[in-house]
Amino acid sequence: MRSWMRYLIAGVVLIVFVAIVVIVRNARQSALPAGLPSDALALARERGLTPDDVYAALATYVPGGKSDEYVMFASGGHSGQVIAIGIPSMRILKVIAVFAPEPWQGYGYGVEENPLNELYGRGPYPAADTHHPALSETNGEYDGQFLFIGDKANGRVAVIDLRDWETKQIVKNPVFENNHGAAFVTPNTEYVVEVSQYGLPLGNKYAPLERYKEDYRGLITFWKFDRKKGRIVPEQSFGIEVPPYWQDLADCGKAASDGWVFVNSFNTELATGGIEKGKPPFEAGVSQNDMDYLHIINWRQAEKLVQQGKFITINGFKVLPLKEAIAGGVLYFTPEPKSPHGVDVCPCGKHIVVGGKLDPHVTIYNIEKIKQAIANKDYEKTDPYGVPVLRFDATKEAQVEVGLGPLHTQFDDQGYAYTSLFLDTAVARWTLGGCKYKAPEEPWKLVGKIQTHYNIGHLAVTEGDTVNPQSKYLVALNKWSVDRFTNTGPLLPQNLQLIDISNTGERMRLLYDMPLGIGEPHYAQIIRADRLKSWEVYPEIGWDAHKQAKSPYAATKGRIEVSGNTVTIYSTLIRSHFEPEHIKVKKGQRVVWHLTNLERTRDATHGFTVPGYGLSASLEPGETVTVEFVADKEGVYSFYCSEFCSALHLEMMGYLLVEP
Ligand code: K7E
Ligand code: CUA
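Just so it is clear, the model here is predicted, and its values are computed rather than measured. (Residues numbered from 1 in each chain as written. Chains lettered and ligands numbered in written order. Predicted model: local features only at pLDDT ≥ 70, side-chain atom pairs only at ≥ 80, totals over all residues. Heavy atoms only, no water.)

1. Side note on the site of ligand 1
Thought 1: In the vicinity of ligand 1, the contacting residues are H131, H132, H180, L249, H341, H408, G457, H458, K479 and H522.
Thought 2: Within the residue set of the shell around ligand 1, elements represented by two or more residues are strand 4 (130-138) and strand 29 (456-461).
Thought 3: Partitioning the shell around ligand 1 into residue classes produces one nonpolar, eight polar and one charged.
Thought 4: Residues from two domains meet in the shell around ligand 1; each of domain 2 (145-273 + 280-401) and domain 3 (409-526) gives at least three. (Near = heavy atom within 4 Å. Helix = DSSP H or I, 4+ residues; strand = E, 2+ residues; numbered from the N terminus. Nonpolar A, V, L, I, M, F, W, Y, C, P; charged D, E, K, R; others polar. Domains from an automatic or database assignment.)

2. Some remarks on the sheet that holds strand 28 (residues 446-451)
Thought 1: In spatial order, the strands read 25-26-27-28; together these four strands make up an open sheet with antiparallel pairing. A single partner strand is all that each edge strand has here, and the edge strands are strand 25 (406-411) and strand 28. Neighbour-to-neighbour, the strand axes of the sheet open up by a mean angle of 25°, direction not taken into account.
Thought 2: Of the pairings in the sheet, the one linking strand 26 (residues 416-421) to strand 27 (residues 426-431) comprises six bridges and is antiparallel in character. From the neighbouring strand, Y418 faces strand 27, where its bridge partner is R429. (Pairing = 2+ DSSP bridges. Axes fitted to C-alpha atoms, helices over the stretch in contact; angles between N-to-C directions.)

3. Brief notes about the sheet that holds strand 1 (residues 70-75)
Thought 1: Taken in spatial order, the four strands make up an open sheet running 3-2-1-33, and their pairing is antiparallel. Single-partner strands in this sheet number two, and they are strand 3 (92-96) and strand 33 (524-528). Across the sheet, the mean angle separating the axes of adjacent strands is 20° when strand polarity is ignored.
Thought 2: Pairing geometry for strand 1 and strand 2 (residues 82-87), over six bridges, is antiparallel. What sits directly across from S75, in strand 2, is V82.

4. Examining the packing of aromatic side chains
Thought 1: Inspection of every chain in the model, using the stated rule, returns 29 aromatic pairs.
Thought 2: Consider the rings of Y70 and Y473, whose centres lie 6.1 Å apart with planes at 85°: the pair is edge-to-face. One end of the pair, Y70, is in strand 1; the other, Y473, is in strand 30 (residues 473-478), with 403 residues separating them in the sequence.
Thought 3: Overall, Y70 belongs to the buried group, its relative accessible area being 1%.
Thought 4: Among the aromatic residues, those joined into a ring-pair cluster are Y191, F222, F238 and W299.
Thought 5: The ring centre of Y55 lies 3.6 Å from the NZ or CZ of R509, which sits over that ring.
Thought 6: If you follow R559 out to its NZ or CZ, it ends over the ring of Y570, 3.8 Å from the centre. (Phe/Tyr/Trp six-rings, centres within 6.5 Å; stacked < 30°, edge-to-face > 60°. Buried < 20%, exposed > 50% of the residue type's maximum accessible area, 1.4 Å probe, protein only. Lys NZ or Arg CZ within 6 Å of the ring centre and 35° of its normal.)

5. Quick word on the layout of surface pockets
Thought 1: As a volume, the largest pocket reaches approximately 1,100 Å³.
Thought 2: What lines the largest pocket is a set of 28 residues, among which K94, W165, W535, E536 and R602 lie closest to the centre.
Thought 3: For the lining of the largest pocket, the secondary structure elements donating two or more residues are strand 1 and strand 3.
Thought 4: Class assignment for the residues of the lining of the largest pocket results in eleven nonpolar, five polar and twelve charged.
Thought 5: When residues of the lining of the largest pocket are sorted by domain, at least three fall in each of domain 2 (145-273 + 280-401) and domain 4 (543-659).
Thought 6: Looking at the second largest pocket, its volume works out to about 650 Å³.
Thought 7: Taken together, 26 residues line the second largest pocket, and the ones lying closest to its centre are D53, V54, A56, A57 and L58.
Thought 8: Listed by contribution, the elements that provide at least two residues to the lining of the second largest pocket are helix 2 (38-46), helix 3 (51-60), strand 28 and strand 32 (509-516).
Thought 9: Looking at which element gives the most residues to the lining of the second largest pocket, the answer is helix 3, with eight residues.
Thought 10: By residue class, the composition of the lining of the second largest pocket is 17 nonpolar, two polar and seven charged. (1 Å grid on protein atoms, 1.4 Å probe; cavity = no way out; pocket = protein on both sides within 12 Å on 5 of 7 lines; lining within 4 Å. Points joined across faces, edges and corners; volume = space filled by probe spheres on them.)

6. Considerations on the pattern of salt bridges
Charged atoms that come close allow side chains of opposite charge to pair.
Thought 1: Here the structure, examined in full by the defined rule, presents 31 salt bridges.
Thought 2: A salt bridge links R531 to E463, with the nearest nitrogen and oxygen atoms 2.8 Å apart. Of the two residues, R531 sits in the loop between strand 33 and strand 34 (543-544) while E463 sits in the loop between strand 29 and strand 30, which places them 68 residues apart along the sequence. For the pair shown, R531 and E463 are each scored as buried.
Thought 3: A single network of salt bridges, built from pairs that share partners, joins D52, R507 and R509. (Salt bridge = Lys/Arg side-chain N within 4 Å of Asp/Glu carboxyl O.)

7. Quick notes on the pairing of strand 40 (residues 590-597)
Thought 1: Within strand 40, seven of the eight residues are buried, which leaves the element mostly enclosed by the surrounding structure.
Thought 2: Pairing of strand 37 (residues 566-574) with strand 40 involves eight bridges; the strand directions are parallel. Paired with S571 across the two strands is L595, which belongs to strand 40.
Thought 3: Bridge count between strand 40 and strand 43 (residues 624-630): seven bridges; the pairing is antiparallel. Counterpart to L595 in the pairing with strand 43 is V625.

8. Let's talk about the nonpolar core
Thought 1: Judged by nonpolar contacts, the single largest core of 55 residues is most densely connected at F222, I240, F262, I297, I352 and I370.
Thought 2: If we ignore the near neighbours within four places in the chain, the residues touching I352 are F262, L294, V343, D344, V345, T363, I364, Y365, I367 and I370.
Thought 3: Ranked by size, the runner-up nonpolar core spans 27 residues in total, among them V567, I569, L615 and V627. (Core = buried A, V, L, I, M, F, W, Y, C linked by side-chain atoms within 4.5 Å. Contact = heavy atoms within 4.5 Å.)

Take a look at the structure:
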């Protein structure tokens, strides 16, 4: 080859190479969104953000002064609290004190007006384990008035008033010591449902494990809710005795299935464990059967039977005996495969979806078929306790293979269902058939998946448990976070992942990873923020937030009254002083201290703490609270305001003089 030809070829190759480099560089730059200011583009490049990252950042950023479109109420797991999170920003708005003391909310530190003190006095308070929050509903839609949450560890249910986002009531189940399927509400919040989990003798009695089959039971409790009073009414509530299979989760029927409640279960083996005695451990013992029983409960019929007096009383609480429930057509079973977890009713109420932890399918039942099977007495058998078991094929509508470890299912308004896959650590999107929403694809088919990080439990769609969910966002509540965040030592936060599901024709899109280092948020519900009609300040000065009424102890002027061994103090708080500032008591006297915040300005909250006496109160604008204690330690105590309320906040103090 001539040398000039060699040079020519080398020159062409060089030109092509340079051209490719330039094209690739330009392509990479233009892949970032156009129209961004050049410094934003430079920043994105400098931080190594991909176009997807930039999109996610823009999709979730909510500037100060603007508010989130949705609010998610997540359980705080074993913190015992509830966490409110803005969506799409994923910022924590508030931790609501529920089952555990919370000093900054004056909850459990000497303030008389709260449900913890009502139940346990000054404590100690048992450690809770919250699992499932439930927003109150009207006609199957969230109405933004109340929030309920169950405590698995102690068989309790709490009522939170969303006018002031404070817990108003805790009821302790008088018959059962634990729960899991709690809380779930009927479509007009007639009842708050609480389902027991691990079999126990009813009424907290003793019985040996050898008598598990005979003496242990489960309980499905219907707490009557009085919306006007904002309280559960135990006298009008009742439980239904069920066999000691481990009842698990629940969902209330709605629309087509209104009047029914569905509960999955997973120990039809009646296993009692005993690994240390060479017996199969629980994990094996309760997973032997291929099928367990979906409980199908006609709650209106149960209510009627209880009103007719067909109940027994255990620890003062009405219980419909199993025999009556069977005879009265309240309780039916249908088989559900394999180690079921999670039962979810679709928006039109027709379909009931169950996940089997050890089955790659979700099973979908149809309420019409269930009703037909009940009418035809289409039973495959009765269980050892006499409960009719409907024929599986007579109640089943479809099964969809979604992946490994299906747990919980949510729905949107495009005809799709979303199931969390614990083992696959993913969300599966699949199509519903015959629902009021219709997907363009063939029904009962897996159509998409997105990875989650890692080991997803529940998932929540915007307005997801209502008759009208919104195809907007889905939050994956993941158990493990492993490598997603800065190392926080051996105890890691959970990871809540925000996923865009609005583009139903295409992929689901991951928008945000949110570390939640407060306690395991099992479940959450997401409500449109404009449904919440929360107060800005309490309605009038002297408000008792516990009773939601004017307090008889409200004062506009400070004063001290002494009667016998009791000193009653009426204190007022306003920026930046207490009145009175000098309080003199004698050692051993009982102190009843009523405090009123006179402020009407939004956010002008004062705190109150008395060092040495372990007291802490939060006085929101207009609020009156009472703290009580015995002044049993002589000395001088500088009580003060614990909220930085003004420039002279540090001066907002007084002396409690306890004379010897
Ligand atoms: Cu699946 Cu308690 Cu709802 Cu946790 S439960 S995940
Ligand atoms: Cu009031 Cu600080």
